[in-house]
Amino acid sequence: MKIKIIFSLTMIFVLVTWLLFIWPTLKVELEGSMVYRQSDFREYYLLTPDLLKEMPRISDDYFFAFANVSGQVIFISTVTFENTTVTSDIKKYLRSRGWVEQKNCHLEAKCWQKNGNREVLSVVTNTRENYVRVQIADSPNLDTYYAKNPE
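An account of the accompanying structure is given in this report. Given the structure is predicted, the values throughout are model-derived calculations rather than measurements. (Residues numbered from 1 in each chain as written. Predicted model: local features only at pLDDT ≥ 70, side-chain atom pairs only at ≥ 80, totals over all residues. Heavy atoms only, no water.)

**Some points on the sheet that holds strand β7 (residues 131-138)**
The condition that has to hold: At least two DSSP bridges between two strands are needed for those strands to be called paired. For helices the rule is a DSSP run of H or I covering at least 4 residues; for strands it is a run of E covering at least 2, with both sets numbered from the N terminus onward. Axes here refer to lines fitted to C-alpha atoms; in helices the fit is confined to the stretch in contact. Angles between the N-to-C directions go from 0 to 180 degrees.
Here seven strands make up an open sheet; going across it, the order is β1-β2-β3-β7-β6-β5-β4 and the pairing antiparallel. The open sheet has two free edges, formed respectively by β1 (33-36) and β4 (99-101), since each of these has just one partner strand. Each strand of the sheet is rotated relative to its neighbour by a mean of 20°, with strand direction disregarded. With eight bridges joining them, strand β3 (residues 74-82) and β7 adopt antiparallel strand pairing. Of the residues in β7, the one forming a bridge with Phe75 is Asp138.

Shown next, in the form of C-alpha cells:
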C-alpha cells in the first residue's frame, strides 16, 4: 500500500513538473503568440529555432517572438534587434549556414532560402523605427510562392 502511494505521488510530481516545463508551448497553442527574452529560459529553449539562437547579436537590446498563425498552418519565429539597422553580420552568418538571398520576397524585406528547406527567412530593416527583425516562417504555402518566383 505504501509503495502505491509513493508511486502515485511520484507520478503526479513528474506530470506537474512536465506540464510546468512545457507551459509556454501550451500557452502559444491557446493564445497564438508569445513575446519573450533570452532570459526566459523555458520559452527560449522550447520556442526558438537553433538558427535564431546562434544568430549574431547585432544589438544588446533584442527580444524573441513566436506565433502560430491560422491553426498550425504557419509558424513564425522572430528575433528583433532594437537600436540598429546594420545587417552585415546577419548576412555573413546566413551565407555561412547555406542560406541564399532571394530576388523576390513576399514582404518588404530581404528574403532568404536554403536549398532543401521549406522555411523562408526574412530580414526586415526599419530605418525609421531603428530596428532589424529576422523572421523564419514555415508554411507549405511559401513553397508555392517561391516555386513560381525563384532566386
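**Considering the state of the cysteines**
Using the following cut-off: Here, the term disulfide refers to a pair of cysteine sulfur atoms separated by no more than 2.5 Å. A 1.4 Å probe rolled over the protein chains alone gives each residue an accessible area, and that area as a share of the maximum for its type sets the label: buried under 20%, exposed over 50%, partly exposed in between.
If you walk through the whole model with that rule in mind, you get one disulfide. Put simply, Cys105 and Cys111 are joined by a disulfide, and their sulfur atoms are 1.9 Å apart. A single burial state applies to Cys105 and to Cys111, both of which are buried.

**Things to note about the pairing of strand β5 (residues 110-114)**
For β4 and β5, the ladder comprises three bridges, and the chain directions are antiparallel. Paired with Trp99 across the strands is Lys114, a residue of β5. Sheet topology places β5 next to strand β6 (residues 120-126); four bridges connect them, and they run antiparallel. Residue pairing for β6: Cys111 is matched across the bridge by Ser122. If you look at the hairpin formed by β5 and β6, you'll find five residues sitting between the two strands, and Gly116 has a positive phi there, around 80°.

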